Protein chains: 2
Amino acid sequence: MKIENIDVSSYPNSEKIYVGGTLFPEIKVGMRRIKLYPTVKIEDGRRVEYPNAPVTVYDTSGVYTDPAFAHDVNAGIPRLREAWVEQRGDTDLLCDITSEYGRARASMAELDAIRFPLRHRPRRAKEGRRITQMAYARQGIITAEMEYVAIRENLNNAELGIESYITPEFVRQEIAAGRAIIPANPNHPEAEPMIIGRNFAVKLNTNIGNSALSSGIEEEVAKAVWSCYWGGDTLMDLSTGDNIHETREWIIRNCPVPVGTVPIYQALEKVNGDVKKLTWELYRDTLIEQAEQGVDYFTIHAGALREHADLIGERLTGCVSRGGSIMVEWCVLHNEQSFLYTHFDEICEILNKYDVAVSLGDGMRPGSTHDANDRSQFLELDVLGELTAKAWEHDVQVLIEGPGHVPMHKIKENMDRQMAVCHEAPFYTLGPLTTDIAPGYDHITSAIGAAIISRLGTAMICYVTPKEHLSLPTLEDVREGVIAYKIAAHAADLAKGFPGASVRDDALSKARYDFRWKDQFNLSLDPEKARRFYLESRRDAPDADDRFCTMCGPNFCAMRISQNTAEKCNQ
Amino acid sequence: MKIENIDVSSYPNSEKIYVGGTLFPEIKVGMRRIKLYPTVKIEDGRRVEYPNAPVTVYDTSGVYTDPAFAHDVNAGIPRLREAWVEQRGDTDLLCDITSEYGRARASMAELDAIRFPLRHRPRRAKEGRRITQMAYARQGIITAEMEYVAIRENLNNAELGIESYITPEFVRQEIAAGRAIIPANPNHPEAEPMIIGRNFAVKLNTNIGNSALSSGIEEEVAKAVWSCYWGGDTLMDLSTGDNIHETREWIIRNCPVPVGTVPIYQALEKVNGDVKKLTWELYRDTLIEQAEQGVDYFTIHAGALREHADLIGERLTGCVSRGGSIMVEWCVLHNEQSFLYTHFDEICEILNKYDVAVSLGDGMRPGSTHDANDRSQFLELDVLGELTAKAWEHDVQVLIEGPGHVPMHKIKENMDRQMAVCHEAPFYTLGPLTTDIAPGYDHITSAIGAAIISRLGTAMICYVTPKEHLSLPTLEDVREGVIAYKIAAHAADLAKGFPGASVRDDALSKARYDFRWKDQFNLSLDPEKARRFYLESRRDAPDADDRFCTMCGPNFCAMRISQNTAEKCNQ
């Protein structure tokens, strides 16, 4: 599968490996193993090779990089969790979808041409049963998903004798405490389980989505695969154009990572963008529609209240969250409290039937460094804390969304306050951007903030592309954004002392010192770009493993000089 | 002047302004004033305009963006500080250059074709006089340079009533204490004074330089201008190819910012790369040669000692500093202590005659996160502290160079230790890179570290381009590197509460909220790119000030919705 001339079916010199479960022998966790070349030394005039152990890295690309898999977009990808869910025996396979809108769309013959060809019956909790990962965890049950993520978070540790605290039981405890979530709607069994929590590797979310000028189905699926290939851990479909119900189906059926949405967007599309016409009933139906398609988490701006309308005027940049601005506008137009807030218990009752996690949106996130940590923001955060407790009463898994634009010195206050008032529910932040003055480079202004806040405990960061504030991102922008955020997440993992995090750094640095150029490229986050940059100035010898690079040239290579020195000292 | 199709003679909607001195009425400090469009509101059906005050920004582009200036590369740029130095009456204008190498080059007729056409006689301290900014500061003298930088560090403060602690007397105190430096060789009077110290705006250095495959003179000058245009505060010429003496002359004569070099590079070229042949005498002559050309600061790896040879083997990536590896190699080859260390007093005696600042190189900076904060590094740092005290005895201004590769959790230890053992001399760091796994993106891995360490007190950061570790940067890479570092520096200024730092952020954010797109571009660090990105998806209406962007489209603009809400609440 080629996208933008990059083969997204494989990484150079890597193999897909699967690690089996112990509690659940049927699970097999996909990882990528990067094979390394030996270190070559000349000893007593002879060439001696010292092998280098392969490095296993976290792999979000799913079956797309499994050579045994042939992708057919019309069939979707394997439904790996279907049997696990089935075996638990606490869900019903419904005869038909239950949302009004879903049914109406299903009956429209003119949509047949753009509809995903297979129909999967939706699955829902049996009456009286609680099927969320949190519900299981609280009952002391370790699920297959929990063992899966425990294996996934331990990469090279067994081989290297690194002792990790991450066991299936630890995963269960974290989920039971609300400190971590596994977004895992039974209706999206294609997704490989992953965990979001501050005691696990920092995760990153990417956003895709069509707009009024809809792109084709294949293109949307390609975007999703592209994002997973580069390292996106979850994917938000923020489509606002036509046929978003059908587009979403194609994405979910072909997506190996959890999918999130902001249901209010589609609800607003259903009333042609007229905020006043939004109703709880319409929104409720949208939740069911999307839950039955398999959305794994919903962003719900239930903390943006009527009270915020009066506070917006205090700000330099008002309200910059789409969902938040819609809800506050609705409150003003109706002179009523937000229906997301007043109906929050009913929302949770829907969510827990499908194990859809709630990501409590920060409708009042600051849109400028000026507005960071202000009254609007912290008032909402308090409300999100209250709603967290409520969601947990329903065993609904919770994420808390965070800012936004925050200068460096205000980041810690944000993190500390979120931990305190939201009872340690995982924080999921957009950036934050640490300055406002660099449109065109906001993947960098925000990678700085994302690295800092992740180190302090944020569990997942939502990427920002170079086009933020300016335009819709291209595929190339998506790649730049994902890599910037992989850097932020990994830098935080290193700083947190996450078990095994430094293995890849050390292997790459050793390859660099050994002049094993190919290993240096293959171990990097973006092997294609690293190799291309290197070759830009070395077209003459593209495969040479020269003992210098063009940065310093042959006479000035510190690493070579220093190796000579070290050898002399050892003689 | 056009470079890469960008007009580096002007910034959009900006004017060059000059602010005069009080103590020294003859000085005029160049700044850039960005003019803004009015905010337009519809009130009672009428269009009302509210003017927006212009924003003044720090300007490193020198005369190149002065419309009254016509550049002639053969004449160089105006020698603005010449009269100031002259007036102090403590320097001699030498009849001829005094370095052997410089004289030899001057007498070679075959170099006439590539030589800078004007010859300026070098200036040196009169016998027994101390002419460094530190010497003046310690005597209680405020120089023109000190008032210049005090004005330069206060941008919008007077207009906005912001009280800044930065006065000429404060500058003097900081320099006297060694906490800040003004690199200002009298032989580089073309450079506009700037200050490096943790109580001032964070500065950034860029590196240029030809290599064995030398680029043309015009190209080197273009690189220097390009770097200054985007925001480089100082420029290091790291040339290692042919004719570097002559190339340097062209650069200095046309460079409006202080220039630094690493003299050991040229010394090594003089002995054809044979480390063993390096001598103190050769190095000494190189210092004089470069000082008389006008180099403002020298990186000197005098802390890389013979003792380090045995420590290199402990590391994953040995010694990755070119200067450091050369000196340790020299020590091993000669079984002697480094001549930079043993002759350090003599070095200082040369430097203080020309007010060349010493930037004590970190030859043992870690080349991987694995090696950060290890014995080699901290042993050297202790030596740098000892040398700092020695340099100050000679009134030589000091910078301390810092790492390198450092994971986030080890950055603070670096900064704190530098402050403690180097007596608060300004820290000048390369990055640091916070992870090793992203070659091709090391401007980002390092911008994260640079922002963090600057906030903690680093005074100047040395940029890293996307090509770091892989290849020599192109002009486009230089631009990416400079902007990434402007972001890091500015994010740190905001976090430190630097007086007036938030003015530009707030103006840009207000422009964004007002949908004043052109102002948003013009206020940004890279107006050309911001505008280009915006237009990529709006080719139909390139100059429209639409009240939305293509990211969210017309129905989903949170800012517009929130403005409507705020207006309703005010009615």
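Just above, that's the structure.
As the structure is a computational prediction, the values presented were derived from the model and not from experiment. (Residues numbered from 1 in each chain as written. Chains lettered and ligands numbered in written order. Predicted model: local features only at pLDDT ≥ 70, side-chain atom pairs only at ≥ 80, totals over all residues. Heavy atoms only, no water.)

(A) Main features of the packing of aromatic side chains. As enumerated under the stated definition, the model contains 30 aromatic pairs over all chains in all. Taking 4.9 Å as the distance between ring centres and 85° as the angle between the ring planes, the aromatic pair formed by W330(B) and F339(B) counts as edge-to-face. Note on W330(B): relative accessible area 5%, which makes it buried. Through successive ring pairs, a cluster of aromatic residues spans Y11(A), W226(A), Y229(A) and W230(A). Just above the ring of Y37(A) sits the side chain of K518(A); from NZ or CZ to the centre is 5.4 Å. (Phe/Tyr/Trp six-rings, centres within 6.5 Å; stacked < 30°, edge-to-face > 60°. Buried < 20%, exposed > 50% of the residue type's maximum accessible area, 1.4 Å probe, protein only. Lys NZ or Arg CZ within 6 Å of the ring centre and 35° of its normal.)

(B) Representation of the sheet that holds strand β3 (residues 14-20) of chain B within the structure. Residues and elements named next belong to chain B. The three strands lie next to each other as β3-β4-β7, forming an open sheet whose pairing is antiparallel. One side of each edge strand has no neighbouring strand; the edge strands of this open sheet are β3 and β7 (55-57). Neighbour-to-neighbour, the strand axes of the sheet open up by a mean angle of 40°, direction not taken into account. In this structure, β3 lies alongside strand β4 (residues 28-34), joined through seven bridges in antiparallel fashion. In the sheet register, Y18 faces β4, and the bridge partner there is G30. On the sheet, helix α4 (residues 144-152) packs against β3 and β4 and is oriented at approximately 10° with respect to β4. (Pairing = 2+ DSSP bridges. Helix = DSSP H or I, 4+ residues; strand = E, 2+ residues; numbered from the N terminus. Axes fitted to C-alpha atoms, helices over the stretch in contact; angles between N-to-C directions. Contact = heavy atoms within 4.5 Å.)

(C) Up close: the relation of the copies chain A and chain B. Expressed as a screw operation, the relation of chain A to chain B combines 0.0 Å of axial shift with a rotation of 180°, fitting to an RMSD of 0.0 Å. This pairing of chains is accounted for by a two-fold axis. Among all residues of chain A, the minimum C-alpha distance to the rotation axis is found for I448(A), at 2.3 Å. Most of the interface of chain A is mirrored in chain B, where 100% of its interface residues again form contacts. (Least-squares fit on C-alpha atoms with pLDDT ≥ 70 in both.)

(D) Representation of the sheet that holds strand β14 (residues 259-261) of chain B. All names here are of chain B. If you walk around this closed barrel you meet the eight strands as β12-β13-β14-β15-β16-β17-β18-β19, and the pairing is parallel. Across the sheet, the axes of successive neighbouring strands diverge by a mean angle of 25°, strand direction being ignored. Direction of pairing for strand β15 (residues 297-300) relative to strand β16 (residues 357-360): parallel, over a ladder of four bridges. Across the sheet, the residue bridging to Y297 is A357, located in β16. Here helix α10 (residues 280-293) sits on the sheet in contact with β14 and β15, set at roughly 155° to β15.

(E) Representation of the pattern of salt bridges. Residues and elements named next belong to chain B. Applying the stated criterion across every chain yields a total of 80 salt bridges over all chains. For the salt bridge of E153 with K203, the shortest nitrogen-to-oxygen distance reads 2.7 Å. Note that E153 is positioned in the loop between α4 and α5 (157-160) and K203 in strand β12 (residues 203-208), a separation of 50 residues in sequence. On the basis of relative accessible area, E153 is assigned to the buried category, the value being 3%. Overall, the relative accessible area of 1% leaves K203 in the buried class. In this structure, R179 and E174 form a salt bridge, with 2.9 Å as the shortest nitrogen-oxygen distance. A relative accessible area of 24% places R179 in the partly exposed class. On the accessibility criterion, E174 (4% relative accessible area) is buried. (Salt bridge = Lys/Arg side-chain N within 4 Å of Asp/Glu carboxyl O.)

(F) Main features of helix α12 (residues 322-334) of chain B. Residue and element names in this part refer to chain B. For α12, built from 13 residues, the straight-helix expectation of 18 Å at 1.5 Å per residue is met to within 8% by its first-to-last C-alpha distance of 18 Å. Within the sequence span of α12, burial applies to R322, G323, G324, S325, I326, M327, V328, E329, W330 and C331. Its side-chain oxygen at 3.5 Å from the backbone nitrogen of G323, S321 defines the N-terminal cap of α12. (Expected span 1.5 Å × (residues − 1). Polar contact = N/O pair within 3.5 Å; in protein donor to acceptor, adjacent residues only side chain to side chain.)

(G) Here's a closer look at the packing of α4(B) against helix α6 (residues 168-176) of chain B. Residues and elements named next belong to chain B. The N-to-C vectors of α4 and α6 enclose an angle of 115°; their axes lie 8 Å apart at closest approach. Here α6 runs roughly perpendicular to α4, going by the angle between their axes. Once α4 is placed against α6, the crossing between them reads as right-handed. Taken together, the residues of α6 that come into contact with α4 (itself represented by M146, E147, V149 and A150) are P168, V171, R172 and I175. Classifying every residue of the contact of α4 with α6 gives six nonpolar, no polar and two charged. (Parallel < 35°, antiparallel > 145°, perpendicular 65-115°, else oblique. Left-handed = near helix turned anticlockwise from the far one by under 90°. Nonpolar A, V, L, I, M, F, W, Y, C, P; charged D, E, K, R; others polar.)

(H) Quick peek at the interface of chain A and chain B. At the interface, 98 residues of chain A touch 99 residues of chain B. Where chain A packs against chain B, one counts 16 residue pairs in polar contact (both at pLDDT 80 or more). Here the side of chain A that touches chain B gets 11 residues from one element, more than from any other, and that element is helix α18 (residues 475-496) of chain A. Among the residues making up the side of chain A that touches chain B, the classes are represented as 50 nonpolar, 28 polar and 20 charged.

(I) Local environment of helix α10 (residues 280-293) of chain A. Residues and elements named next belong to chain A. The terminal C-alpha atoms of α10, which comprises 14 residues, lie 20 Å apart, in line with the 20 Å expected from a rise of 1.5 Å per residue. The buried count for α10 comes to 11 of 14 residues, which makes it a mostly enclosed element. What α10 keeps buried is the set W280, Y283, D285, T286, L287, I288, E289, Q290, A291, E292 and Q293. A positive backbone phi angle near 120° is found at G294, which sits one or two residues after α10.

(J) Local environment of the pairing of strand β12 (residues 203-208) of chain A. All names here are of chain A. Of all six residues in β12, six are buried, a share of seventy percent or more. Strand direction decides the pairing type here: β12 and strand β19 (residues 460-462), joined by three bridges, are parallel. Paired with K203 across the bridge in β19 is M460. Note: β12 against strand β13 (residues 234-237), four bridges, orientation parallel. Among the inter-strand pairings, N207 is bridged to a residue of β13, identified as M236.

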